[in-house]
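Fold and contact review
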Amino acid sequence: MRVLGVNAVFHDPAAALVIDGVTVAAAEEERFSRRKHGKRPVPFSTWELPEAAARWCLAEAGLEPADLDAVAYSYDPDLAPQPDGDITADAWEGLRTLFARRAPRFLTTALPGLDPSIVRFVPHHVAHAASAYHGVDAPSCVVLVVDGRGERGSHLAGHWHDGRLDVLAAQRLPHSLGLLYEEATEHLGFLRSSDEYKVMAMASYGRPAFRDALERAVRVRPDGGFVTESIALDALVPRSSGGEAWTAAHADLAASVQVRLQDVLLELAGWLHERTGERTLAMAGGVALNCVANSHLAEQGPFEEIWVQPAAGDAGTALGAAQHAAHAAGDRVEPMGTAALGRSFSEAELRAFLDVAAVPYERPDDIAEATADVIAGNGVVAWFQGRSEFGPRALGHRSLLADPRDAENLRRLNDVKGREQFRPVAPMVRLERAVEIFDGPIPSPYMLFTHRVRPGWAERIPAVVHVDGSARIQTVDAREEPLVARLLEAVERRTGVPVMINTSLNTAGRPMVDDPRDALECFGSAPVDALAIGPFLVRRDTPAGRAGRRRG
Ligand SMILES: [Fe+2]
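Notes on the structure in this doc start here. (Residues numbered from 1 in each chain as written. Predicted model: local features only at pLDDT ≥ 70, side-chain atom pairs only at ≥ 80, totals over all residues. Heavy atoms only, no water.)

So, the coordination of the iron ion
Distances from the iron ion to its protein donors, namely His124 (NE2), His128 (NE2), Asp147 (OD) and Asp314 (OD), fall within the range 2.1 to 2.3 Å. Donor residues for the iron ion, ordered by position in the chain, follow H-x3-H-x18-D-x166-D. With His124 in helix 5 (residues 124-133) and Asp147 in the loop between strand 6 (141-146) and strand 7 (155-161), this residue pair connects regions lying 23 residues apart in the sequence. With a relative accessible area of 0%, His124 lands in the buried category. The exposure class assigned to Asp147 is buried, which follows from its relative accessible area of 3%. (Donors = N, O, S within 2.8 Å, 3.2 Å for Na, K, Ca; no water. Helix = DSSP H or I, 4+ residues; strand = E, 2+ residues; numbered from the N terminus. Buried < 20%, exposed > 50% of the residue type's maximum accessible area, 1.4 Å probe, protein only.)

Here we look at the sheet that holds strand 1 (residues 2-7)
One open sheet accounts for five strands, arranged 3-2-1-4-5; its pairing is mixed. Of all the strands in the sheet, just strand 3 (22-28) and strand 5 (119-121) have a single pairing partner and so form its edges. The sheet shows a mean angle of 20 degrees between the axes of neighbouring strands, taken without regard to direction. Inspection of the sheet shows strand 4 (residues 70-73) paired to strand 5 by three bridges, in the parallel sense. Each residue of the ladder has a partner; that of Ala72, found in strand 5, is Arg120. (Pairing = 2+ DSSP bridges. Axes fitted to C-alpha atoms, helices over the stretch in contact; angles between N-to-C directions.)

Brief notes about the packing of aromatic side chains
One pass over the structure, following the stated rule, counts eleven aromatic pairs. Relative to Phe353, the ring of Phe345 has its centre 6.3 Å away and its plane inclined at 85 degrees; by these criteria the two rings are edge-to-face. Overall, Phe345 belongs to the partly exposed group, its relative accessible area being 21%. For Phe353, a relative accessible area of 26% corresponds to the partly exposed category. With a centroid separation of 5.4 Å and an interplanar angle of 80 degrees, the aromatic rings of Tyr361 and Phe536 are classed as edge-to-face. Residue Tyr361 is found in the loop between helix 13 (347-357) and helix 14 (367-376), and its partner Phe536 is found in strand 22 (residues 536-539); the two are separated by 175 residues along the sequence. Among the residues examined, Tyr361 registers a relative accessible area of 23% and is labelled partly exposed. With a relative accessible area of 0%, Phe536 lands in the buried category. One aromatic cluster is present, formed by Phe345, Phe353 and Phe384 through successive ring pairs. Here the basic side chain of Arg398 rests over the ring of Phe384, its NZ or CZ set 3.8 Å away from the ring centre. Cation over ring: Arg460 sits above Trp457, and NZ or CZ is 4.2 Å from the ring centre. (Phe/Tyr/Trp six-rings, centres within 6.5 Å; stacked < 30°, edge-to-face > 60°. Lys NZ or Arg CZ within 6 Å of the ring centre and 35° of its normal.)

Looking at the sheet that holds strand 8 (residues 164-169)
With respect to topology, five strands assemble into an open sheet ordered 8-7-6-11-12, the strand pairing being mixed. Across the chains shown, the open sheet's two edge strands, defined by having one partner strand only, are strand 8 and strand 12 (305-308). Strand-to-strand twist of the sheet, defined as the mean angle between neighbouring strand axes without regard to direction, takes the value 25 degrees. Where strand 11 (residues 280-284) lies against strand 12, four bridges are found, and the strand directions are parallel. Bridge pairing in strand 12 places Thr280 opposite Glu305.

Observations concerning the layout of surface pockets
For the second largest pocket, the calculated volume is near 770 Å³. Lining the second largest pocket are 36 residues, and of these Trp307, Pro443, Ser444, Pro445 and Tyr446 lie nearest its centre. Where the lining of the second largest pocket is concerned, the elements lending two or more residues are helix 11 (291-300), strand 12 and strand 19 (474-476). Residue contributions to the lining of the second largest pocket peak at four residues, all from strand 12. When the residues that make up the lining of the second largest pocket are grouped by side-chain class, the tally is 21 nonpolar, seven polar and eight charged. (1 Å grid on protein atoms, 1.4 Å probe; cavity = no way out; pocket = protein on both sides within 12 Å on 5 of 7 lines; lining within 4 Å. Points joined across faces, edges and corners; volume = space filled by probe spheres on them. Nonpolar A, V, L, I, M, F, W, Y, C, P; charged D, E, K, R; others polar.)

In structure tokens:
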């Protein structure tokens, strides 16, 4: 069974291709269009499909649209508020539903030859849930989906067992933990549905001074759902204009919202555990990208294992919808083994891009050793290797790498990326060394949890230690990521530290680099010392860029 999954309704349009239960390709439209999040999250953009991502998924498998058995669209217009006379009412809700219903026709325009009758609508939260329980390698688990909204709800709590999902609770709108967090994001001067992770980062600078107000307004219900009454945030702290213009009170608001979210998630998870006795919790939905809350759940919660879908935001519903449809058709859906599901380029293709750009480059005997020389020389390296990552995190395929021993590298990288200086950068570490340095859920291959830095290490790797003494680590298993593991070894031989800074390869406001041209544009415009692209190294003429270069 060949299923194309499509997410288009709100934001982060994406496509995924599942063939006989195996995920062969998945990509977000933003990586092709170079427009962050793909489109604006407004009803009149619902018609916009992940056209380039879908075409690439098919091309990757050598398929034509007519070869597909099903297209799974991660929103069910039958479950949504129905359009009546005025589609502009209720913030254009009717228009969104209408556009979703017309998706099969839009799809046949975008993918000529596609039979519109093979398009299936998968409920939004079922798609999120499927991306989680099909991702985890366990015969049964509970699943918790929490996001801004789907058709009419904002949450799903279920039990995956014996090949079926029992939905145990589903909170209806207007109550929404995701929308509450989005409101706080906007109030703190950031972009809603986009910058929520900035609120999480800011929270560690504050104290939960408004906890009481949040506890009154946000409560868990005995039926496994919750209430989120609207809160006059203005009465707590004035709206911020964003960027660096924040005060201690703004950080306190961020901390209060974060702490309340953590407590509520813990209660929702506890409710699920009580009802099922399962040992594994699988999570998806945009709120599951909150790695501080995930760690709180791992530490305080009743589950032995927590698995979070790395593409937990709406992009991941493309994958989940396709997996759901494949399972419904009787295919055995394989657990997700990697987030590296995007584009890759052969050595010949990479060389052709470099030749066209007419930049000087070399082909060292070992790109890992040559890159380690630049990092140990305190250079910043743009690292472009293998397939690009599906989901918002760079996991060693499209990354900026640097030495964590120099505290100044945090500022350098935030400057490269044009980010606020309160934002942390994260460490990657070889799996077998992680326990010695970090305390928290290990392995952590997808950067979805935070960890405490063990005593004695914080001063050795100051650039990756957040203000609260935590770090959001990625563990690198040599069996899964042999090249990155070798690079970490080579770095340790030079620096004595088996850790690198890893942050996503992009500049301010742009999506992550995906193809070689993006990499060259990023390298050309950012103060980066070297670009390691496949087996090739492009150096900038800086002391670090020249590090390790052979004479003659
Ligand atoms: Fe969602």
